[in-house]
Amino acid sequence: NKLSIQKIKPPKAPKTSLSPKHKYYKEINEVIAEHIKYAAKLDIDNTWELIHDEGEMKVFKREMEEDGMVVDPLKAVHTVKGITGHEVCHYFWNPDVRMEWEGTLESAQVLDWFSEDTCVCYQIHKKVWPTTQREALFWTQIRHVPNEDEDEDGPDYWIVCNYSIPDHDKCPASKNVRINMNVAMVCETSMEPPSSHDGEITRDHITCRITYAANVNPGGWAPASVLRAVYKREYPKFLKRFTQYVMDQTKDKPIMF
Ligand code: 18C
């Protein structure tokens, strides 16, 4: 990509625009801090089973059951050239574009805005035979976690977290089964040559390392074999389709650092 743009460092903005007085402030901070800790450590040891390996993309699972339900944690890593972590997170978070890349949805709506970076979403997923249709109600927040080390090259993350909440007064009544999820996308951008290098930075110089973690409880009966087959197909499909979507959306746009 020939588009060249001056690099603009993001300001060390407030970590979230959510008010500390908000009833979800504490929960959101804790959940996000936990994801950053694990993504940074990238604790993929031999307790994780590789279920999909395609180029730079690797998807792992750990088989787990809770009250007879399959709740296998899932983790994926991917490295994509030409896009930044801010861009990846922006498109993953932005509820206006979710239907454009999310292939498992029947509908999605925003029920509430907690702040500029945090909203409550209600979505209905496509039905999988022979199970009852699923829905999700969750807060979603996007956040920049700037490097706070003295060291210029310390980690700088962008993160989106989608986390289920039990209720919301604007949530429609339904007969769907409510899934429970804790999902995070954590991204780190690297530059070659590094950012300290003088000169213009183009999309050819940037690489985004993505860590995606999903803990989904199906919320009700679903045959284990169907569920495992569905997610084994759907997570890699999502990672491919979504990252391609971000590349397509950004290729002629200024780089969003
Ligand atoms: O993170 C992703 N998307 C976010 C925005 O939507 C959000 C969603 C999380 C996924 C929740 C899981 C939804 C399950 C719905 C049923 C599956 C529909 C399949 C349709 C096939 C046409 O954070 C990207 C998510 C990408 C992939 C998700 C598939 C995971 C399936 C997990 C199984 C648990 C639910 C069990 C339902 C019963 C199915 C047999």
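These lines cover the structure that appears in this document, whether it is placed above or below. Because the structure is predicted, anything quoted here is derived from the model rather than measured.

### Considering the packing of aromatic side chains
- All chains considered together, the criterion is met by 14 aromatic pairs.
- Taken together, a centroid distance of 5.7 Å and an interplanar angle of 70° make the contact between Phe 92 and Phe 242 edge-to-face. Of this pair, Phe 92 sits in helix 2 (residues 85-93) while Phe 242 sits in helix 4 (residues 224-250), and the two are 150 residues apart along the sequence. The two residues Phe 92 and Phe 242 agree in class, both being buried.
- In textbook terms, an aromatic cluster arises when at least three aromatic residues are bridged by ring pairs, as seen for Phe 92, Trp 101, Tyr 212, Tyr 231, Tyr 235, Phe 238 and Phe 242.

### With respect to the pairing of strand 6 (residues 74-81)
- Most of strand 6 is tucked away, with 6 of its 8 residues classed as buried.
- Judged from the 4 bridges that link them, strand 3 (residues 57-61) and strand 6 form a sheet pairing that is antiparallel. In the sheet register, Val 59 faces strand 6, and the bridge partner there is Ala 76.
- As judged from the 8 bridges shared by strand 6 and strand 14 (residues 206-217), these two strands associate in the antiparallel manner. Counterpart to Lys 81 in the pairing with strand 14 is Thr 207.

### As for unusual backbone geometry
- In this model, Trp 129 is joined to Pro 130 through a cis peptide bond whose omega is 0°.
- Examined against the element boundaries, Pro 130 turns out to sit in the loop between strand 8 (118-125) and strand 9 (134-145).
- Phi is positive for Asp 67, which is not a glycine, with a value near 50°.
- Within the fold, Asp 67 resides in the loop between strand 4 (65-66) and strand 5 (69-70).

### Here's the deal with the site of the ligand
- Surveying the vicinity of the ligand reveals 24 residues, the closest of which are Glu 102, Gln 123, His 125, Asn 162 and Tyr 212.
- Taking Asn 162, its side chain carries an N or O atom lying 2.9 Å from an oxygen atom of the ligand.
- Against a free-state accessible area of 870 Å², the protein chains account for coverage of 95% of the ligand.
- In this structure, the ligand is accommodated by the largest pocket.
- Ranked by residue count, the leading element in the shell around the ligand is helix 4, at 7 residues.

### Section: the layout of surface pockets
- Here the largest pocket is characterised by a volume of approximately 1000 Å³.
- Thr 104, His 125, Val 230, Glu 234 and Tyr 235 are the residues nearest the centre of the largest pocket, which is lined by 39 residues in total.
- Looking at the lining of the largest pocket, the elements that each hand over two or more residues are helix 3 (98-101), strand 8, strand 9, strand 12 (180-191), strand 14 and helix 4.
- Per-element tally for the lining of the largest pocket: the top contributor is helix 4, with 10 residues.
- Classifying every residue of the lining of the largest pocket by side-chain character gives 22 nonpolar, 7 polar and 10 charged.

Definitions and limits used
- Residues numbered from 1 in each chain as written.
- Predicted model: local features only at pLDDT ≥ 70, side-chain atom pairs only at ≥ 80, totals over all residues.
- Heavy atoms only, no water.
- Phe/Tyr/Trp six-rings, centres within 6.5 Å; stacked < 30°, edge-to-face > 60°.
- Helix = DSSP H or I, 4+ residues; strand = E, 2+ residues; numbered from the N terminus.
- Buried < 20%, exposed > 50% of the residue type's maximum accessible area, 1.4 Å probe, protein only.
- Pairing = 2+ DSSP bridges.
- Near = heavy atom within 4 Å.
- Polar contact = N/O pair within 3.5 Å; in protein donor to acceptor, adjacent residues only side chain to side chain.
- Areas by Shrake-Rupley, 256 points an atom, 1.4 Å probe, with all protein chains shown as cover.
- 1 Å grid on protein atoms, 1.4 Å probe; cavity = no way out; pocket = protein on both sides within 12 Å on 5 of 7 lines; lining within 4 Å.
- Sits in = over half its atoms within 2 Å of the grid points.
- Points joined across faces, edges and corners; volume = space filled by probe spheres on them.
- Nonpolar A, V, L, I, M, F, W, Y, C, P; charged D, E, K, R; others polar.

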